[in-house]
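Geometric and topological summary
Now for the letters of each chain:
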Amino acid sequence: MTFAAYERKRANIMATQIPLPPKVGMVSLGCPKALVDSERILTKLRADGYDMSPDYAGADVVLVNTCGFLDSAKEESLEAIGEAMAENGRVIVTGCMGNEADAIRARFPDVLAVTGAHQYEDVVGAVHEAAPPARGEFVDLVPDAGLKLTPRHYSYLKISEGCNHRCSFCIIPSLRGDLVSRRPDAILREAEKLVAAGTRELLVISQDTSAYGVDIKHQPREWHGREVRAHMTDLARELGTLGAWVRLHYVYPYPHVDKVIPLMAEGLITPYLDIPFQHAAPSVLKRMKRPANEAKVLNRLKGWREICPDITVRSTFVVGFPGESEEDFQYLLDWLDEAQLDRVGGFRFEPVEGASANDLDGAVPEEVKEERYQRLMEKTAAISAAKLAAKVGRTLPVIIDELGEADEDGSIGATGRSQADAPEIDGNVFLRDVQAVSGGLLQGDIVNVVIEDADEHDLYGVVIT
Ligand code: SF4
């Protein structure tokens, strides 16, 4: 370019009025899957030239991504909509509760639009209408990896939508439909970008990760010159080559899950499986419409631990499901004694509007649910404490989530997680004296830590340099 042409271009640029981009506020409720939806919507809006507002006051329009899984979650969603209406007044509702537009409009007739889960185009269209985008080559920028609501060092990777199961307590299939899997090459491309943008841990999520690819008949796609099937094992193997921790969530205990355990033993993927068993008593599992193969599962857990002794198995259980007798509940406690699961989350059964479990007889009184919940938590906390105590003295890789402030004596702590801990739902590793680490520590660093102490849920240690 000649100097004169350069000057002309510069003059044109200087004369260009770059319009201020409209700002969008976002309130994101619900599970990690909803969080990924929020990230997608924000990524699209950012690509369309919008800015984000950290508060209600600065937003031209506020998006509320709702959760409709439990009645309590619905109430929380309605409260969030009410707050956004009171604080800003220009509100668009999306997410799982968006499927109940009438209920939302009855309470908040002035919401600008209501769209359902995964209706990305609709929600983005509603934002365009409420606050038209300021187009221009100088504002239409989007980071390569998209916008994220999680810290940079870990990212949720959604591999499919919907679910082919029909668990009687769950309305997700009616909200989200049957399983729809993403192409493996699209997932791997997204994962590669995330890792290039600083992600050190990929959290693979879906409604049923082990069913991935069933709907598209495991059709292979080309990825970096080789064929990769749309199958959990193939996908896990490929993700394992990216250099990040790869954590599998929401795995249903199908027999083919056995095939990912050797990948964990090889160190290719993180030795962690999140399997929501929900119960162990055969009669309760039957009423839940879940497979009753709890005895086989115990054998498989044993086999998995033989192949990969460090595997962490996390699960969730529901107590007080209709018809759950004291014997059923005791069966679950005894099963847990045998299964020795590392991490357990518990829920008291809550009827969800539209779930077929609501028609079952044998409702369990609230006080009995509460008492069983406390017993479940006591049992699983004791198992967890013993498992964590056995880690004292070992050296474990730990990912740094947060660095603390210096104390009066100059010592600084940090909070991290071992490979046995998923963010938000599992325990932490609390580190002391990280000021002694040569070169310093940053969020997302993975360091070796000597474990010095343990309690029911967390570990305590010091970085070795
Ligand atoms: S597996 Fe069962 S609980 Fe999970 S999403 Fe599917 S129907 Fe709901």
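None of the values given here were measured: they were computed from a predicted structure. (Residues numbered from 1 in each chain as written. Predicted model: local features only at pLDDT ≥ 70, side-chain atom pairs only at ≥ 80, totals over all residues.)

Details of the site of the ligand
Here is the rule: In this analysis a residue is considered near a molecule or strand if the C-beta atom, reconstructed from its backbone, is found within 6 Å of that molecule or strand. When residue character is reported, Ala, Val, Leu, Ile, Met, Phe, Trp, Tyr, Cys and Pro are called nonpolar, Asp, Glu, Lys and Arg charged, and the others, Gly included, polar.
Inspection of the region around the ligand gives Cys-163, His-165, Arg-166, Cys-167, Cys-170, Ile-172, Pro-173, Gln-207 and Asp-208 as its neighbouring residues. For the shell around the ligand, the residue count by class is 5 nonpolar, 2 polar and 2 charged.

Observations regarding the confidence of the model for the protein chain
As a reminder of what qualifies: Each residue carries a pLDDT value, the predictor's own confidence for that position, ranging from 0 to 100. Working definition: helices are DSSP H or I runs of at least four residues, strands are E runs of at least two. Numbering for both runs from the N terminus.
Here the protein chain shows a mean pLDDT of 88. Residues at 70 or above account for 91%. Across the protein chain, the element-wise mean pLDDT spans from 41 in helix H1 (residues 3-15) up to 98 in strand S12 (residues 245-248).

Some words on the domain arrangement of the protein chain
Note the following rule: Note that domain bounds follow an automatic or database assignment of domains.
Considered domain by domain, the protein chain is made up of domain 1 (23-130), domain 2 (154-389) and domain 3 (395-464). Taking the mean C-alpha position of each, domain 1 and domain 2 sit 28 Å from one another. Of all the secondary-structure elements, those providing two or more residues to the side of domain 1 that touches domain 2 are helix H2 (32-47) and helix H3 (71-87). Among the elements that take part in the side of domain 1 that touches domain 2, H2 stands out by supplying 4 residues, more than any other.

Things to note about the pairing of strand S15 (residues 343-348)
Cut-off, in case you're wondering: By the convention used here, strands pair only if DSSP detects at least 2 bridges between them. Viewed with both strands pointing away, a crossover whose connecting path from the first strand over the helix to the second turns clockwise is right-handed.
For strand S14 (residues 312-319) and S15, the ladder comprises 6 bridges, and the chain directions are parallel. Residue pairing across strands places Ser-315 opposite Val-344, the latter belonging to S15. Handedness of the crossover is the feature at issue here: the chain leaves S14, passes through helix H12 (residues 326-339), returns alongside S15, and the resulting connection is right-handed.

Structural notes on the environment of Ala-103
The topology assignment puts Ala-103 in helix H4 (residues 101-107). C-alpha separation for the pair Ala-103 and Thr-380, spaced 277 residues apart in sequence, amounts to 39 Å.

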